Structures are given as structure tokens and as C-alpha cells.
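Here are the chains, one letter per residue:
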Amino acid sequence: MELIDGKAVAAALKQRMAERVAAMERKPYLVAILVGHDGASETYVGHKERACREIGFRSTVLRFEEDITEEALLGEIERLNADPEVDGFIVQMPLPKHISEQKVIEAIDPRKDVDGFHPVNVGRMILGLPAYVSATPEGICELLRYYKIPTAGRHCVVVGRSNIVGRPMANLLSDKEFNCTVTLCHSRTENLREVCAGADILVAALGKAEFVTADMVKPGAVVIDVGITRVPSDKTKNGWKLLGDVKFDEVAPKCSYITPVPGGVGPMTIVSLMKNTLLAAEGAIYGK
Ligand code: GUN
């Protein structure tokens, strides 16, 4: 069994990007909009700011209170769409209930949508056209590339059909770069355990802590764990620990490769956002 070290791969890719950025006269500029004070969102945005600093990007976080109106938020998005200094921006999700996430996503100029959430980018990705690809699935693709994991003709089972992970992941793996045969499973899938047990590559992205047990994994499978659930713990200093969607201790010995939680997919997600921002600054997807 080989552990897929997302932290190390992320560090290597960030180093490569930093070298590219060092040679750029105009540094890429990423803006993040953060509404309210959700703990997880604060943490994610903090990680993004740090990654920008490490790579040499410019970055700003625009903070708004929970009670900002949808209209005012859409106004901010318009302003960022029109600001030629801003290469890309993200609106951290989730948003308060009175704001439509879909409206917000569709208000972002696809050319600045470095999260890859806009329907134009999702559609272009599915058609195999240049696009900003959603960060988590793109990060997983980078891990498969980095470890040169054979994928062609292999059966990949993706569990979870979210718009930002499961669906794009299934599409990317079925495309010509990876050539997997893909099964996309969800909460209504029958015989889920058996379907998972047939996977050469299993991507667990359903958001249920330790759902995937050893009996659901084929010997020699590649297991990619996208889950991050925070649970209380009396063994850590801060009083909580992170669990993946995979019961790591019993599944790991059966695998050829497995991603840990933390330190697997998580660090790669940030790197992919950085990569999209660099592509935006270079005009690599939509031109300048
Ligand atoms: N909330 C959780 N993950 C993400 C992400 O990748 N982008 C944004 N904008 N919000 C998120």
C-alpha cells in the first residue's frame, strides 16, 4: 500500500508555480468574498490567503456581514467582474439562506470564475474545452498524474453526485486523458456496497464519516477520500479531529494507493484554485 501524500504533492506544485510567478512582471491577483463568520469558511479562506502569499500572488478578502442583501452582493460581483486588476475571484460557500447561491454563481464572469462553478465552465469542461475546472476534482486528477496511477480502461466508482465534486469527477475520469469506465453512485443507488467492491478506483465524496468499510473495497484498489467531517475528540489539543468518508485503518491495508484525511485531497484543492488563478492571469483559458 502506498500513501498518496497530498501535502507533499501540493508543496511541490506550489513551488513550481512560485517559480513561474517569480518570472512574471504582473503578479496574479485573487479576491475572495466571505460572507458571515462560518468557522469552516474562515479556515478555507485563511488557507487560500496563505497559499497566495507562498506562491507570490496578490490576494484580498472582502468580508461582509451575514445580513448583506443579495442585491448588494451581486453589486460587489459586478464590480469585481469589471475590475481589470482582478484576475479571478471566488465567493466562499455556503451563503446565508436569503441569498441564492445559483444567482451568485451565474453573476460571476466565467472568465474570472476560478472556482469553475459557472455553468459556462462546467459545460466547457464536459465538452472537453479549455475551462476552469472545479478545484477538488482537478486536485484529484493532479494526484493521479503525479503518482502515474494507471486509469485507462479501469472501473472507477464515484460515490456522491455533488455539482462541485462527484459530477465533475465522473466526467473528468471518463474523458480521454484518463479513459476510465465510470459509475456515479448516490444516496438512491441499490447495492452500493457491491458496486463499490467492484471498483478499481473508488472516489468517496458523499460526506459521511467512515462510510466506506473494508468489505466495500476490492483488494489492490485505489481509494480517494474526499470527505472531511469534524468530530469531537479528547485526544487532540483543540478538542476535535477530522474524519474522511473512508474507515482508513481497516481499508488502507487492502489498497494499492490511498489518500489520508487530513493530508490527502484537501491540500490539493487549494493548489488547483491557485493553478486556475495563474491560468486566469496568463489568459490561458479565455485569452487576454
Ligand atoms: N465552500 C466549500 N468549498 C468551496 C470551494 O471550493 N469554493 C467556494 N467558493 N466555496 C466553497
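Residues numbered from 1 in each chain as written. Predicted model: local features only at pLDDT ≥ 70, side-chain atom pairs only at ≥ 80, totals over all residues. Heavy atoms only, no water.

Chemist: Could you clarify how one ought to interpret helix α10 (residues 265-282) in this entry?
Modeler: In an α-helix, one turn spans 3.6 residues, which is why side chains three or four residues apart end up on the same side. Compared with an ideal rise of 1.5 Å per residue, which puts 18 residues at 26 Å, α10 spans 26 Å between its outermost C-alpha atoms and is within 8% of the ideal. For α10, the tally of buried residues reaches 13 of 18 residues, placing the bulk of the element in the interior. Of the residues trailing α10, Gly 283 is marked for its positive phi of about 65°. (Helix = DSSP H or I, 4+ residues; strand = E, 2+ residues; numbered from the N terminus. Expected span 1.5 Å × (residues − 1). Buried < 20%, exposed > 50% of the residue type's maximum accessible area, 1.4 Å probe, protein only.)

Chemist: Is there a simple way to explain the environment of Arg 79 in this structure?
Modeler: Note that Arg 79 resides in helix α3 (residues 70-82). At a separation of 3.1 Å, a polar atom in the side chain of Arg 79 contacts the side chain of Glu 76. (Polar contact = N/O pair within 3.5 Å; in protein donor to acceptor, adjacent residues only side chain to side chain.)

Chemist: What exactly am I supposed to notice about the sheet that holds strand β2 (residues 29-35) here?
Modeler: Backbone hydrogen bonds hold the strands of a sheet together, and the pairing may be parallel or antiparallel. With parallel pairing, the 3 strands of this open sheet are ordered in space as β3-β2-β4. Strands with a single pairing partner mark the edges of an open sheet, and in this sheet they are β3 (58-64) and β4 (88-91). Adjacent strand axes in the sheet meet at a mean angle of 15°, parallel and antiparallel pairs treated alike. Sheet topology note: the β2/β4 ladder contains 4 bridges and is parallel. The residue of β4 that forms the bridge with Ala 32 is Ile 90. (Pairing = 2+ DSSP bridges. Axes fitted to C-alpha atoms, helices over the stretch in contact; angles between N-to-C directions.)

Chemist: What's the story with a negative patch on the surface in this structure? I'm lost.
Modeler: There is a patch of like negative charges on the surface, built from Asp 38, Glu 65, Glu 66 and Asp 67. With respect to the secondary-structure elements, Glu 66 resides in the loop between β3 and α3. (Patch = residues over 30% accessible without salt bridge, like charges linked within 9 Å, V, L, I, M, F, W, Y side chains within 5 Å. Areas by Shrake-Rupley, 256 points an atom, 1.4 Å probe, with all protein chains shown as cover. Salt bridge = Lys/Arg side-chain N within 4 Å of Asp/Glu carboxyl O. Lys, Arg positive; Asp, Glu negative; His and termini not counted. Charge placed at Lys NZ, Arg CZ, Asp CG, Glu CD.)

Chemist: What exactly am I supposed to notice about unusual backbone geometry here?
Modeler: Excluding glycine, most residues fall at negative phi; most peptide bonds, likewise, are trans. Cis peptide bonds are those with omega within 30 degrees of zero, and the linkage from Met 93 to Pro 94 qualifies with 0°. Considering the arrangement of structural elements, one finds Pro 94 in the loop between β4 and α4 (101-107). Across the junction of Val 261 and Pro 262, the peptide omega takes the value -5°, indicating a cis bond. Tracing the backbone through its elements, the reader meets Pro 262 in the loop between β11 (257-258) and α10. Even without being glycine, Lys 148 reaches a positive phi, approximately 50°. Overall, Lys 148 belongs to the exposed group, its relative accessible area being 69%. The backbone phi angle of Asn 191 is positive, close to 55°, even though this residue is not glycine. Take Asn 191: it is sitting in the loop between β6 (181-185) and α8 (192-197).

Chemist: In this structure, what is going on with the sheet that holds strand β8 (residues 222-225)? I would like to understand it.
Modeler: With respect to topology, 6 strands assemble into an open sheet ordered β1-β11-β8-β7-β5-β6, the strand pairing being parallel. Single-partner strands in this sheet number two, and they are β1 (2-3) and β6. As paired strands, β8 and β11 are joined by 2 bridges and run parallel to one another. Within β11, the residue paired with Val 223 across the bridge is Ile 258.

Chemist: Is there a simple way to explain the packing of helix α1 (residues 6-22) against α10 in this structure?
Modeler: Packed helices, taken two at a time, are described by the angle their axes make and the gap between the axes. Relative to each other, α1 and α10 sit at 20°, their axes nearing to 9 Å. In terms of axis orientation, α1 runs roughly parallel to α10. In the crossing of α1 with α10, the sense of the turn from one axis to the other is left-handed. Seen from α1, the contacting residues are Gly 6, Lys 7, Val 9, Ala 10, Leu 13, Lys 14, Met 17, Arg 20 and Val 21; seen from α10, they are Pro 267, Met 268, Val 271, Met 274, Lys 275, Leu 278 and Glu 282. Residues that form the contact of α1 with α10 fall into these classes: 10 nonpolar, 1 polar and 5 charged. (Parallel < 35°, antiparallel > 145°, perpendicular 65-115°, else oblique. Left-handed = near helix turned anticlockwise from the far one by under 90°. Contact = heavy atoms within 4.5 Å. Nonpolar A, V, L, I, M, F, W, Y, C, P; charged D, E, K, R; others polar.)

Chemist: I would appreciate a short explanation of the site of the ligand in the present structure.
Modeler: In the vicinity of the ligand, the contacting residues are Tyr 44, Lys 48, Val 91, Gln 92, Met 93, Asp 115 and Phe 117. Separating a nitrogen atom of the ligand from a backbone N or O atom of Met 93 is a distance of 2.9 Å. At 2.6 Å, a side-chain N or O of Asp 115 approaches a nitrogen atom of the ligand. Surface burial for the ligand is 82%, taken as the share of its 280 Å² of free accessible area covered by protein chains. Considered class by class, the residues forming the shell around the ligand number 4 nonpolar, 1 polar and 2 charged. (Near = heavy atom within 4 Å.)

Chemist: I tried to follow the pattern of salt bridges on my own but got confused; where do I start?
Modeler: It is possible for side chains of opposite charge to pair when their charged atoms get near one another. In the structure shown here, the tally under the stated rule is 17 salt bridges. Glu 282 is the salt-bridge partner of Arg 20, the closest N and O atoms lying 3.0 Å from each other. In this pair, Arg 20 is assigned in helix α1 and Glu 282 in helix α10, connecting sequence segments 262 residues apart. Here Glu 70 and Lys 103 are joined by a salt bridge, their closest N and O atoms 2.9 Å apart. With Glu 70 in helix α3 and Lys 103 in helix α4, this pair connects stretches of sequence that are 33 residues apart. Judged by its relative accessible area of 48%, Lys 103 falls in the partly exposed class. Each of Glu 138, Glu 142, Arg 145, Glu 177 and Lys 275 takes part in one network of salt bridges that share partners.

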